[in-house]
Amino acid sequence: MTKDRKIYGIDISKSVFDIYNQDTGHFQLQNDEKGFKTLLKSLSKDALVVMEATGYYHYRLAQFLYKKGVLVSVVNPLSVKRFIQMKLAKVKTDKSDAKSICEYGIFNEVPLYNALTDVQAECLQLFRLLDSYVKKSTATKNKLHGEDALGIPSKTVYRSLKRDLNHLKKEILILEKRLLELVKQDQQEQLTLLQTIPGIGLKTALFLIVVTDGFKKFETASQLCSYVGITPTIRESGSSVRGRSRISKVGNKKLRNLVFLAAFSAYKYNRACKALYDRIVAKGKSAKLALIAVANKLLKQAFAIAKSGLPYDENYVSKLA
């Protein structure tokens, strides 16, 4: 279906967005309502607009075009990045990014975008603010630790940090409560099913559903693992040059941290994950590499459960994950 369309690649940022089409070439518009309307007028009737998922910035344009009846595809930035790397592109500018996104849409069958419901949009907004508050909370805890190490030379500073931390804790609880209410309203069954997997608790299940839009964003478990960033990378050359195993730095950091923490419980209580962990460690590999593999396995189990609509069954899941 997408092969018969005129592809428009869009690289979007806070203030502007760059557009590239093979017929019209490159042009740039302001990232506002006026720019959206100008773009709409310039699109051909058989247009397919392809853009990367860029946090806040792509959302308004994607929603606008979708409501105007234009076909839109919002693709994983990691997929585009790999596509560019395969081409060995050395120049990286907004203009070249828009062209690369256009070429990605031409050579790949891209998924079509579906507009978010009001519930989905609020969930994403809550998740982002929650992520921001959690980061601030961690930074405040570190500052308090620093004050303790100094012997608290200023009680005023220490008390101010304490008040700030308590306020953040209260706000985090309010946001988590609202997020849970919305997910229960929209995805109660999936929330319950995911928690049948040994190792996945309420918070991990909740954030998995929100970030993946109920797992609708991904067609395969591998795509999900790449998005989250739970893919082991090993630096190794022959038998003499070895590097530490680590988690890929790309992906959703908040969700990656949650899944990695869930792996600590999964390798003890999840039979398939425990067998995987023991097998890797028995080969002389590091415990960290084994835990990365367990986190990867856990995500694949979650994907299988979400797509099947069935509760966790270790025999069934092991065949799919």
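Parameters and conventions
- Residues numbered from 1 in each chain as written.
- Predicted model: local features only at pLDDT ≥ 70, side-chain atom pairs only at ≥ 80, totals over all residues.
- Heavy atoms only, no water.
- Helix = DSSP H or I, 4+ residues; strand = E, 2+ residues; numbered from the N terminus.
- Contact = heavy atoms within 4.5 Å.
- Areas by Shrake-Rupley, 256 points an atom, 1.4 Å probe, with all protein chains shown as cover.
- Salt bridge = Lys/Arg side-chain N within 4 Å of Asp/Glu carboxyl O.
- Buried < 20%, exposed > 50% of the residue type's maximum accessible area, 1.4 Å probe, protein only.
- 1 Å grid on protein atoms, 1.4 Å probe; cavity = no way out; pocket = protein on both sides within 12 Å on 5 of 7 lines; lining within 4 Å.
- Points joined across faces, edges and corners; volume = space filled by probe spheres on them.
- Nonpolar A, V, L, I, M, F, W, Y, C, P; charged D, E, K, R; others polar.
- Axes fitted to C-alpha atoms, helices over the stretch in contact; angles between N-to-C directions.
- Parallel < 35°, antiparallel > 145°, perpendicular 65-115°, else oblique.
- Left-handed = near helix turned anticlockwise from the far one by under 90°.

## Some details on the overall build of the protein
- Helix and strand content of the protein: 12 helices and 9 strands.
- Pairs at least 24 residues apart make up 62% of the contacts formed inside the protein by residues separated by at least 6 positions.
- Accessible surface computed for the protein: about 17900 Å², of which carbon and sulfur atoms make up 52%.

## Focus on the pattern of salt bridges
- Under the criterion given, the structure shown has 7 salt bridges.
- With a shortest N-O distance of 3.0 Å, Lys 203 and Glu 176 are connected by a salt bridge. With a gap of 27 residues between them, Lys 203 in helix α7 (residues 202–212) and Glu 176 in helix α6 (residues 155–194) connect regions that are remote in the sequence.
- Taking the relative accessible area as the measure of exposure, Glu 176 reaches 18% and is therefore buried.
- The network of salt bridges with shared partners includes Glu 122, Arg 178 and Glu 181.

## With respect to empty space enclosed by the protein
- For the structure shown, the criterion picks out 2 cavities of 30 Å³ or more.
- Listing elements by their share of the lining of the largest cavity, those giving two or more residues are α5 (118–150), α6 and α7.
- Class assignment of the residues belonging to the lining of the largest cavity gives a composition of 8 nonpolar, 3 polar and 3 charged.
- For the second largest cavity, the calculated volume is near 30 Å³.

## Structural notes on the environment of Ala 47
- Secondary-structure assignment places Ala 47 in strand β4 (residues 47–52).
- Residue Ala 47 is classed as buried on the basis of its relative accessible area, which comes to 3%.
- Note: C-alpha distance between Ala 47 and Ile 7 (40 residues apart in sequence) is 6.0 Å.
- Discounting residues that sit within four places of it in the chain, Ala 47 has contacts with Arg 5, Lys 6, Tyr 8 and Leu 71.

## Observations concerning the environment of Ile 305
- Mapping Ile 305 onto the fold places it in helix α11 (residues 287–308).
- On a C-alpha basis, the gap between Ile 305 and Gln 190 in space is 8.5 Å, while along the polypeptide they are 115 residues apart.

## A few points about the packing of helix α10 (residues 271–282) against α11
- It is the contact of α10 with α11, at a shortest axis distance of 9 Å, that shows an interaxial angle of 150 degrees. Between α10 and α11, the crossing angle belongs to the class labelled roughly antiparallel. By crossing handedness, the relation of α10 to α11 is classed as right-handed. Across the interface between the two elements, Ala 272, Cys 273, Leu 276, Tyr 277, Ile 280 and Val 281 of α10 pack against Ala 287, Ala 290, Leu 291, Ala 293, Val 294, Lys 297, Leu 298 and Gln 301 of α11.
- Grouping the amino acids of the contact of α10 with α11 by side-chain chemistry returns 12 nonpolar, 1 polar and 1 charged.

## A few points about the layout of surface pockets
- What the largest pocket holds in volume is close to 1500 Å³.
- Lining of the largest pocket is provided by 44 residues; of these, Ala 53, Val 74, Lys 217, Phe 218 and Tyr 227 occupy positions nearest its centre.
- Elements supplying a minimum of two residues to the lining of the largest pocket: α2 (57–67), β5 (71–75), α3 (77–87), α5, α8 (221–228) and α9 (253–269).
- Among the elements that take part in the lining of the largest pocket, α5 stands out by supplying 6 residues, more than any other.
- Residues belonging to the lining of the largest pocket are distributed by class as follows: 19 nonpolar, 13 polar and 12 charged.

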